[in-house]
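Geometric and topological summary
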Amino acid sequence: TILVLDFGSQYSHLIIRRLREFNVYAEMLPCTQKISELSWKPQGVILSGGPYSVYLDGSPHVDMAVFDLGVPILGICYGMQELAWINGRGVGEGDKKEFGHAQVHVEKGRENDPLFAGIDDFQVWMSHGDKLSDLPTGFHTVATSGNSPYAAIAHDEKPIWGIQFHPEVTHTARGKEILKNFAVNICKSSQNWTMKNFIETEIERIRTLVGPTGEVIGAVSGGVDSTVAAKLMTEAIGDRFHAILVDNGVMRLNECATVKKTLTAGLGINLQVIDAADLFLGKLKGVTDPEKKRKIIGNTFIEIFEEVAEGIKPKDGGEIEFLLQGTLYPDVIESISFKGPSQTIKTHHNVGGLLDNMKLKLIEPLRELFKDEVRQLGELMGIPHDLVWRHPFPGPGIAIRILGEVTAEQVEIARNADHIFIEEIKKAGLYKEISQAFAALLPVRSVGVMGDQRTYEQVIALRAIETTDFMTADWYIFEAAFLKTVARRIVNEVKGVARVVYDITSKPPATVEWE
Ligand code: XMP
């Protein structure tokens, strides 16, 4: 395992991501981590970049004990400046900030440096204001760039390297090879992080944690995370895992039935489906405020879940001890990444209410995985391809895609329109290219004509976006003919719709959802 100490760079998590691409396992901890408090010994340490200046008061510094571990160390950007600061302090403000591409070449006579094995002249991504003004004591130059005479440095005797550029971003051609040279060749980290191995070790871990009689409860939604987590639990403890699917009345067309069939008949998961559509719709009556809708749906869900959990009596008379949550690694990273000297640790609130009331222990089998790893795992465990690649769907469902009041009639219209849109997207082979797509129902009436009849009905707004992180998003550019087909079908097939529009706003300033 490689330890990545995070100094707060926006790229830190990418270091872990890249290492995993060649099956090396790495863990990230804040740069303030005390080495004596680590419960494991890393095979190598990477010091990440960060937005600070090493020479200013209050800037973060690494625990010096990291140098007593006797393992290879690689400092990236701020991490390199930290090495220089510790070894002679030759760091200053660069004459100009360097941001973007640069060409780096390995110095003559340094071709054998193991960090750059097989690499000499390459393009890198630079993003820094400070730079080394001098070689730190005991170091030599390994590579230079036009603006950075110390683009890469290495210690004369110890396995310590510093690089000014970011090998973890894809703009650095061969960055992955450099990280691989470090982790695999220099640190001798084994390349056994595969989803196949993960299944085995995680199942063992779950069995040990839960014990021979323990029981676990968890909510499933039909999304990839909860399904993969539920399948893992089922493989580990069989029917001692209880999955609950709550039909809140605002899921998509046929979704509840489809999910039920896939999870029970297909995947053998011990599932209870609770039909609470009327209860949810009853509580949503007359509510138009988006945040109120969210709150009502969230609270009602917790109420039902707790009631169902109470009713589950384990065979041996024991009690349910654990709550399953499909937390992924990005959430974990978000909560442990370094956020400045006055760091506060964020906790997850997804199931906060449940945890407080039910006194359950959390079990999070996916907490080490990135989304694409969860998908890979899903495919390996035989979860249907369609489910594995399903677009994300918000917890409050169609309720936040119906502007204004949510009624059974409105849900019906939004659902049917959404179904046609998604069906056409799949038919056109665009589903995977698009990150998320849906239909929103606008309670605005407009005039239309159907046959010889004047109509006066509502509007469907189609939304389709491309994004990598859902923090920013671009609207998807469809062929005109495609939009024409979808619009024609919706107006013809969905009663209550007179007009279809396509949302061409990016995020920001708009959000993905309409509410
Ligand atoms: P926004 O609308 O915030 O959406 O740009 C970004 C992503 O988050 C999803 N989303 C939600 N998911 N509960 C959820 O579980 C919510 O209340 C919620 N609101 C937005 C949205 O679908 C998109 O993927």
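Residues numbered from 1 in each chain as written. Predicted model: local features only at pLDDT ≥ 70, side-chain atom pairs only at ≥ 80, totals over all residues. Heavy atoms only, no water.

Regarding the nonpolar core
Grouped together as the largest cluster of nonpolar side chains are 50 residues, with contacts concentrated most on Ile-217, Phe-421, Ile-425, Phe-478 and Ile-490. The biggest single contributor to this core is helix 13 (residues 408-427), with eight residues. Sequence-distant contacts of Ile-490, defined by excluding residues within four places in its chain, comprise Ala-417, Ile-420, Ile-460, Leu-462, Val-497 and Val-500. Of all hydrophobic cores here, the second largest spans 42 residues; its members include Cys-77, Trp-161, Phe-182 and Val-184. (Core = buried A, V, L, I, M, F, W, Y, C linked by side-chain atoms within 4.5 Å. Buried < 20%, exposed > 50% of the residue type's maximum accessible area, 1.4 Å probe, protein only. Helix = DSSP H or I, 4+ residues; strand = E, 2+ residues; numbered from the N terminus. Contact = heavy atoms within 4.5 Å.)

Observations regarding the packing of helix 5 (residues 224-237) against helix 11 (residues 371-380)
At a minimum axis distance of 10 Å, the contact between helix 5 and helix 11 shows a crossing angle of 50 degrees. With respect to each other, helix 5 and helix 11 are oriented oblique. Where helix 5 crosses over helix 11, the handedness of that crossing is left-handed. Where helix 5 abuts helix 11, its residues Val-224, Asp-225, Val-228 and Leu-232 lie against Lys-371, Val-374, Leu-377 and Gly-378. Residues belonging to the contact of helix 5 with helix 11 are distributed by class as follows: five nonpolar, one polar and two charged. (Axes fitted to C-alpha atoms, helices over the stretch in contact; angles between N-to-C directions. Parallel < 35°, antiparallel > 145°, perpendicular 65-115°, else oblique. Left-handed = near helix turned anticlockwise from the far one by under 90°. Nonpolar A, V, L, I, M, F, W, Y, C, P; charged D, E, K, R; others polar.)

Points about the pattern of salt bridges
Charged atoms that come close allow side chains of opposite charge to pair. Counting across every chain of the model gives 23 salt bridges. Across the pair Arg-207 and Glu-204 runs a salt bridge, and its minimum N-O distance is 3.4 Å. With Arg-207 and Glu-204 both in helix 4 (residues 195-210) and three residues apart, this pair spans about one turn of that helix. In this structure, Glu-255 and Arg-390 form a salt bridge, with 2.4 Å as the shortest nitrogen-oxygen distance. Placement of the pair is Glu-255 in helix 6 (residues 255-266) and Arg-390 in the loop between helix 12 (385-388) and helix 13, with a sequence separation of 135 residues. Take Glu-255 and Arg-390: they sit in the same class, and that class is buried. (Salt bridge = Lys/Arg side-chain N within 4 Å of Asp/Glu carboxyl O.)

What about the side chain of Glu-364?
By secondary structure assignment, the location of Glu-364 is in the loop between strand 14 (361-363) and helix 11. Overall, the relative accessible area of 10% leaves Glu-364 in the buried class. Only 2.7 Å separates the side chain of Glu-364 from the side chain of Arg-367, close enough to count as a polar contact. Once residues lying within four places of it in the same chain are set aside, the contact partners of Glu-364 are Arg-205, Gln-325 and Thr-327. (Polar contact = N/O pair within 3.5 Å; in protein donor to acceptor, adjacent residues only side chain to side chain.)

Thoughts on the site of the ligand
Near the ligand you find Arg-294, Pro-394, Gly-395, Pro-396, Gln-436, Phe-470, Lys-507, Thr-511, Val-512 and Glu-513, and these make up its full shell. The contact in question runs from an oxygen atom of the ligand to an N or O atom on the side chain of Gln-436, over 2.7 Å. Here the ligand has 490 Å² of accessible area as a free molecule, and 69% of this is covered by the chains. (Near = heavy atom within 4 Å. Areas by Shrake-Rupley, 256 points an atom, 1.4 Å probe, with all protein chains shown as cover.)

Let's talk about the UniProt feature "binding site: ATP" (unreviewed entry) in the chain
Here the UniProt feature "binding site: ATP" (unreviewed entry) sits at Ser-221, Gly-222, Gly-223, Val-224, Asp-225, Ser-226 and Thr-227. Mapping Ser-221 onto the fold places it in the loop between strand 10 (215-219) and helix 5. Apart from the residues within four sequence positions on either side, Ser-221 is in contact with Ser-226, Leu-245, Met-251, Val-259 and Arg-390. Only 3.1 Å separates the side chain of Ser-221 from the backbone nitrogen of Gly-223, close enough to count as a polar contact. When you line up the elements, Ser-226 lands in helix 5. Ser-226 sits in the buried class, given a relative accessible area of 14%. Apart from the residues within four sequence positions on either side, Ser-226 is in contact with Ala-219, Val-220 and Ser-221. (UniProt positions renumbered as here; feature names shortened; annotations may be inferred.)

What to know about the packing of helix 7 (residues 277-284) against helix 8 (residues 290-311)
At a minimum axis separation of 10 Å, helix 7 and helix 8 run at an interaxial angle of 145 degrees. As for how helix 7 packs across helix 8, the hand of that crossing is right-handed. Mapping the contact onto sequence places Leu-279, Phe-280, Lys-283 and Leu-284 in helix 7 and Lys-293, Ile-296, Ile-297, Thr-300, Phe-301, Glu-303 and Ile-304 in helix 8. Here the residues of the contact of helix 7 with helix 8 are counted per class, giving seven nonpolar, one polar and three charged.

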